[in-house]
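# Chains, contacts and geometry: an overview
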Amino acid sequence: MASKVELVVEVKSAADKLWTALRDSTELFPKIFPEQYKSIEDRRGRRQVRRHRPPPQVRRGRRWRLRDDEKKVVSYSVVDGELVSFYTNFRVTVQVTPTTKDGADAGAVVSWTMVFDKASEQVPEPDVIKETAAKTFHDLDDYLLKN
């Protein structure tokens, strides 16, 4: 039975600006997060992510399930790499929603949902993945506010 983890992050950046950055993460993330991402490549609907962390080069393939620029939502499944040895099913959905205050743009809310099935009961809860996602959204917001 699938488990679900949700995260909601409020950011100060405008929703359109944040969505564009997330959509363009293939080029942007290795540039602004070089300690985490060595490279990201799109190949025939699959995204290949090379991360810097022990082991030095972890690859993770993603298959896009949904990408809707109008609704600012993307959904993907992890289809190869380290995670599939721990989780038989691993899907992430990210949606960016604009917020307003007194009728003016007041930033955005990032809703991040992870649905997964553990390969076994010994597999730990993916708390570190949730924490990494939260840190990435906050750090991306900081970057966008400065640039």
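What you see is a predicted model, and the numbers here were worked out from it, not measured in a lab.

## Points about the overall build of the chain
Counting its secondary structure elements, the chain contains three helices and seven strands. Starting at the N terminus and ending at the C terminus, the chain contains elements arranged as β-α-α-β-β-β-β-β-β-α. Residue burial in the chain is summarised as follows: out of 147 residues, 42% are buried. The long-range fraction of contacts in the chain, counting pairs at least 24 apart against all pairs at least 6 apart in sequence, stands at 48%. Accessible surface, the chain: about 8,700 Å² in total, of which carbon and sulfur atoms supply 49%.

## A closer look at the pattern of salt bridges
For the structure on display, the rule yields six salt bridges. Among the ionic pairs, Lys-4 bridges to Glu-6, the shortest N-O distance being 3.7 Å. Glu-6 matches Lys-4 in its accessibility class, with the two residues each being exposed. Linking Lys-118 and Glu-125 is a salt bridge whose minimum nitrogen-to-oxygen distance equals 2.7 Å. Of the residues examined, Glu-125 reaches a relative accessible area of 42% and is grouped as partly exposed.

## Considering the pairing of strand β6 (residues 87-101)
Regular strands have side chains that alternate between both faces of the sheet. Two strands pair when backbone bridges link them, and strand β5 (residues 73-81) and β6 are joined in this way by five bridges, in the antiparallel orientation. Paired with Ser-77 across the bridge in β6 is Arg-91. Between the antiparallel neighbours β5 and β6 lie five residues. As defined by bridge partners, β6 adjoins strand β7 (residues 104-118) across 13 bridges and the pair is classed as antiparallel. For Phe-90, the partnering residue across the bridge sits in β7 and is Phe-116. The hairpin turn running from β6 into β7, its antiparallel successor, is two residues long, and Asp-102 in that turn takes a positive phi close to 55 degrees.

## Brief notes about helix α3 (residues 127-146)
With 20 residues, α3 should cover 28 Å at 1.5 Å per step; its first-to-last C-alpha distance of 29 Å lies within 8% of that length. Those residues of α3 not exposed but buried are Ala-133, Ala-134, Thr-136, Phe-137, Leu-140, Asp-141 and Leu-144. Viewed end-on, α3 has its buried residues packed into an arc of 160 degrees, placing them on one side of the element. Away from its buried face, by an angle of more than 90 degrees, α3 presents the exposed residues Val-128, Glu-131 and Lys-146.

## So, the nonpolar core
Formed by 34 residues in total, the largest nonpolar core has its most connected members in Trp-112, Phe-137 and Leu-140. Those elements giving two or more residues to this core turn out to be β1 (3-11), α1 (15-23), α2 (25-32), β5, β6, β7 and α3.

Procedures and definitions
- Residues numbered from 1 in each chain as written.
- Predicted model: local features only at pLDDT ≥ 70, side-chain atom pairs only at ≥ 80, totals over all residues.
- Heavy atoms only, no water.
- Helix = DSSP H or I, 4+ residues; strand = E, 2+ residues; numbered from the N terminus.
- Buried < 20%, exposed > 50% of the residue type's maximum accessible area, 1.4 Å probe, protein only.
- Contact = heavy atoms within 4.5 Å.
- Areas by Shrake-Rupley, 256 points an atom, 1.4 Å probe, with all protein chains shown as cover.
- Salt bridge = Lys/Arg side-chain N within 4 Å of Asp/Glu carboxyl O.
- Pairing = 2+ DSSP bridges.
- Expected span 1.5 Å × (residues − 1).
- Arc of directions from axis to C-beta.
- Core = buried A, V, L, I, M, F, W, Y, C linked by side-chain atoms within 4.5 Å.

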